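# What the coordinates show
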Amino acid sequence: MTPLERAEARFGWKLVAPTIAILGLLILYPLMYNVYLSFFDVQLNGSKTFVGIENYIKLLSNSDYYSAIATTSLYLLGTVVGTTLLGLAMALLLRDPFMGRGLVNAAIMLPYVAPVISVVFGWQFLFDPISGVVNYLFVDLLGLWSERSNLIGDPDSALWVVVLFDIWKHAPIAYLLILSKLVSVSRDQYEAAAIDGYGPIGRFFHVTLPELYFVLATVVLLRLIWNLNRFEDVYLLAPNVETLPIFTYYQAFTGVIDQGLAAATSVIQLGVLSIFIWFYIKKIMKW
Amino acid sequence: MLGKKTIKGRIGFAIAILLLVSFSLLPFAQILSTSLKHQYDWGNPSLIPQSINLDAYKELLGLTEAEKVEIPAAIQKILNNPKLSADKKQAIAAKYTANDNLFPFGKYMLNSVIFSVGAASFSLVFSVMGAYSISRLRFKGQVVIQRSILFVYMVGGVLLMVPLYQMAMNVGLASSLWGSAFCLFLIYIVQTLPVGMYMLGNYFRGIPFALEEAAMMDGCSRKEAIIKVVLPLSLPMLATVFIYCFIIGWNEYLFASVFLKQYPEFHTLPLALQELFVSKNAIWDRIMAASMLTLAPIVICFLFASRFMKGGKTDGGVKG
């Protein structure tokens, strides 16, 4: 190493040191500490007693845990499929320039940037059994249901409201990712496919989709990664939809508090998350 | 591509755009509309209020004149009791006449501003330093750091709530008001720092090294080259990262509820709004007006930042 290189290395470490210290202390260390905590009976005031793997046994024999897993799976399935499809549709629709595209773009990005806490109230009002537009539309106008119902109050239907909310909020991200790839597909390919006799639908399946394969996989993986730990969007809109993060939150901070059990849940969840991240790193980032 | 040349195609296209924009904007329109409606008008599905009602906004922004509240007769009796000290009398009277602190929106907004602007500023400084280091300087371990950043970037707050709370408990911070606030502040920095590092790292890589080299040949040190060349070139991106971090802090609910729930005077807007919603003071127009006012700074920031957000933003997928 030349002195110059050594100076550069020293400067590099100096600059990145605060970041490493903060992230190490408040993310990496807590993740490991969490594993430690999962073997203890942990009280809210910080007192702990070692219980071995009892938390895990308790967790795996808890039927609520399995129902939380089922809810989370449905949530992930609904949001991943919905967001990807809507994002794709938006990208195809808005690909070519037209008058007012900038405005349309700003309008559809708004759900993504808006604070969850303020938009959930708008959604709650829309689905309100007495004043809400949704009930008005489906019951009074279209007559699809026989009577007004509280869609957010009932956990089964609330799950789908929460899924729709997530699609509404995160399709813009999928749209941006897909669009940036879509605009790079060359016109020649479409012309060649047209000469081969493919119509618009054939061209979509033979040109567009293969080109987008990679970016669609990216979108799916990122949705899985972010939505596995999604808390606010679900809890604030419909606290009765118990996905895993909400299940953990209830264990840790409400009712009969069992932070050790919550820690055990988080450990398992981190394991699953790591698999998703590993896929993302291997297949998308190609490290 | 979608056969926009025919009339039919054009109409179909216009309808699709209209549906898409309505879907995106309907909840916002609903919030705005309800915030302006009188109570008798809530059940009316039309988005246009029959008459505009600004009371909720006035009340939240503290523009209503304090109403004189009648002290109930029973309380008046107690107050007339000569045995009571003057201090106590005043305290009781104050309790029964106070009507201005139903929902101190201004205070919550200020709390939110302090937390999110403060955390975003710290985050920006650290991420400029860190991002420059991992994107520009060569040293051992650089790649490992870069990859770890991506990993921690994707770890959600939910997985950290129990250990962070317990850590705060162990060092005794979680049991005091300022300690809790300090913890939350640190957590907001941690939540935004990886995002900032990630966005800035990608951006710095795109700035030609020759520019810094030229500055250094002119006698600048590396530090001066960063301050005089790299940072001015990155201003739009710095603004974007700052706004992005600000938005994350502004929107955060989970940790605010874990650390600050028992300290109402330090509540941030998301926490305060949620508490308002579940309290007996929940009135739709007030909630909607509060939502609108929470939304406004973000929309303004976004309109400002979207000019800069064209490139770079989608690299690798932003948080969300």
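Computed from a prediction, not measured in an experiment: that's the story for all the values here. (Residues numbered from 1 in each chain as written. Chains lettered and ligands numbered in written order. Predicted model: local features only at pLDDT ≥ 70, side-chain atom pairs only at ≥ 80, totals over all residues.)

## Thoughts on the overall build of chain A
So the rule is basically this: What counts as a helix is a DSSP run of H or I of at least four residues, what counts as a strand is a run of E of at least two, and both are numbered from the N terminus. Restricting the calculation to C-alpha atoms gives the radius of gyration, and the globule rule supplies 2.2 Å times the number of residues raised to the power 0.38.
Helices and strands together make up the secondary structure of chain A, namely twelve helices and two strands. Scanning chain A from its N terminus toward the C terminus, one meets helices and strands in the order α-β-β-α-α-α-α-α-α-α-α-α-α-α. Here chain A has a C-alpha radius of gyration of 24 Å; the compact-globule value for 287 residues is 19 Å, and the former is much larger. If you line up chain A on its principal axes, its C-alpha atoms span 75 × 70 × 30 Å.

## Details of the overall build of chain B
Which entries qualify depends on this criterion: Buried means a residue has 20 or more other C-beta atoms within 10 Å of its own C-beta, exposed means 12 or fewer, and partly exposed covers the counts in between; C-beta atoms are placed from the backbone. What counts as a contact is two residues whose backbone-derived C-beta atoms lie within 7 Å of each other.
Secondary structure assignment for chain B yields 14 helices and zero strands. A burial count over chain B gives 39% of its 320 residues as buried. In chain B, once contacts between residues fewer than 6 apart in sequence are set aside, the share between residues at least 24 apart is 70%.

## Quick notes on the confidence of the model for chain B
Residues and elements named next belong to chain B. Under the convention used in this document: What pLDDT reports is the predictor's confidence in each residue, on a scale of 0 through 100.
Mean pLDDT over chain B works out to 83, with 85% of the residues at or above the 70 mark. Low confidence marks residues 311–317, where pLDDT is under 50. Its contacts with residues over four positions away, or in another chain, come to 14 contacts. Interface confidence in the predicted complex, given as ipTM, is 0.89; pTM for the same model is 0.87.

## Topic: the interface of chain A and chain B
Threshold: Residues are grouped as follows: Ala, Val, Leu, Ile, Met, Phe, Trp, Tyr, Cys and Pro are nonpolar; Asp, Glu, Lys and Arg are charged; all remaining types, including Gly, are polar.
Contact residues are listed per partner, giving 78 residues for chain A and 79 residues for chain B. Here the side of chain A that touches chain B takes 20 residues from helix H1 (residues 3–37) of chain A, the largest share from any one element. Classifying every residue of the side of chain A that touches chain B gives 58 nonpolar, 16 polar and four charged.

## Focus: the domain arrangement of chain B
Residues and elements named next belong to chain B. As a reminder, the rule being used: The split into domains, and so the bounds of each, comes from an automatic or database assignment of domains.
We note that the domain assignment places domain 1 (7–53), domain 2 (68–99) and domain 3 (105–305) within chain B. Each of domain 1 and domain 3 has a C-alpha centre, and these two points are 33 Å apart. Between domain 1 and domain 3, the contact holds seven residues from the first and six residues from the second. Classifying every residue of the side of domain 1 that touches domain 3 by side-chain character gives three nonpolar, three polar and one charged.

## Focus on the nonpolar core
Selection criterion: Each nonpolar core consists of buried Ala, Val, Leu, Ile, Met, Phe, Trp, Tyr and Cys residues. Their C-beta atoms, within 7 Å, join them into a set.
Formed by 151 residues in total, the largest nonpolar core has its most connected members in Val162 and Ile178 of chain A together with Met161 and Cys245 of chain B. By residue number, the principal contributor to this core is helix H7 (residues 155–182) of chain A, which donates 16 residues. When we break this core down by domain, the ones giving at least three residues each are domain 1 (7–53) and domain 3 (105–305) of chain B. Those residues within four positions of Val162 of chain A in sequence are excluded, and the remaining contacts are Tyr75, Val234, Leu237, Ala238 and Val241 of chain A.

## Digging into the packing of H1 of chain A against helix H5 (residues 105–136) of chain B
Threshold: Axis lines are fitted through C-alpha atoms, for helices just across the contact stretch, and the angle between N-to-C directions can take any value from 0 to 180 degrees. The labels follow the angle: roughly parallel below 35 degrees, roughly antiparallel above 145, roughly perpendicular from 65 to 115, and oblique for the rest. Each crossing gets its hand from how the near helix is turned against the far one by less than a right angle, where anticlockwise is left-handed and clockwise is right-handed.
In contact at an axis separation of 8 Å, H1 of chain A and H5 of chain B are set at 125 degrees when each is read in the N-to-C sense. In terms of their interaxial angle, H1 of chain A and H5 of chain B are classed as oblique. Every pair of crossing elements has a handedness; the one defined by H1 of chain A and H5 of chain B is left-handed. Residues Gly12, Leu15, Val16, Pro18, Thr19 and Ile22 of chain A of H1 of chain A lie in contact with H5 of chain B, whose contacting residues are Phe126, Met129, Gly130, Tyr132, Ser133 and Ile134 of chain B.

## Focus: the packing of helix H11 (residues 244–253) of chain A against helix H12 (residues 259–285) of chain A
Any two packed helices are characterised by how steeply their axes cross, that is the angle between the axes, and by the distance between the axes. All names here are of chain A. At their nearest, the axes of H11 and H12 sit 7 Å apart, and the two run at 160 degrees to each other. Classified by the interaxial angle, the pair formed by H11 and H12 is roughly antiparallel. Where H11 crosses over H12, the two elements pack in a sense that is left-handed. Facing H11, whose interface residues are Leu244, Phe247, Thr248, Gln251 and Ala252, H12 presents Gln259, Leu261, Ala262, Thr265, Ser266 and Gln269. Residue classes in the contact of H11 with H12 are distributed as five nonpolar, six polar and no charged.

## What to know about the environment of Val256 of chain A
All names here are of chain A. Along the polypeptide, Val256 turns up in the loop between H11 and H12. Using a count of 7 C-beta atoms within 10 Å as the deciding quantity, one classes Val256 as exposed. Val256 sits 58 residues away from Tyr198 along the chain, and the two C-alpha atoms are 63 Å apart.

## Focus on the environment of Ser176 of chain B
Residue and element names in this part refer to chain B. Residue position: Ser176 is located in the loop between helix H7 (161–170) and helix H8 (177–205). For Ser176, a count of 11 C-beta atoms within 10 Å puts it in the exposed group. Residues Ser176 and Phe259, spaced 83 residues apart in sequence, show a C-alpha to C-alpha distance of 9.9 Å.

## Describing the confidence of the model for chain A
Residues with a pLDDT of 70 or more make up 100% of chain A, whose mean pLDDT is 90. Ranking the elements of chain A by mean pLDDT puts helix H6 (residues 133–141) of chain A last with 82 and helix H3 (residues 63–93) of chain A first with 95.

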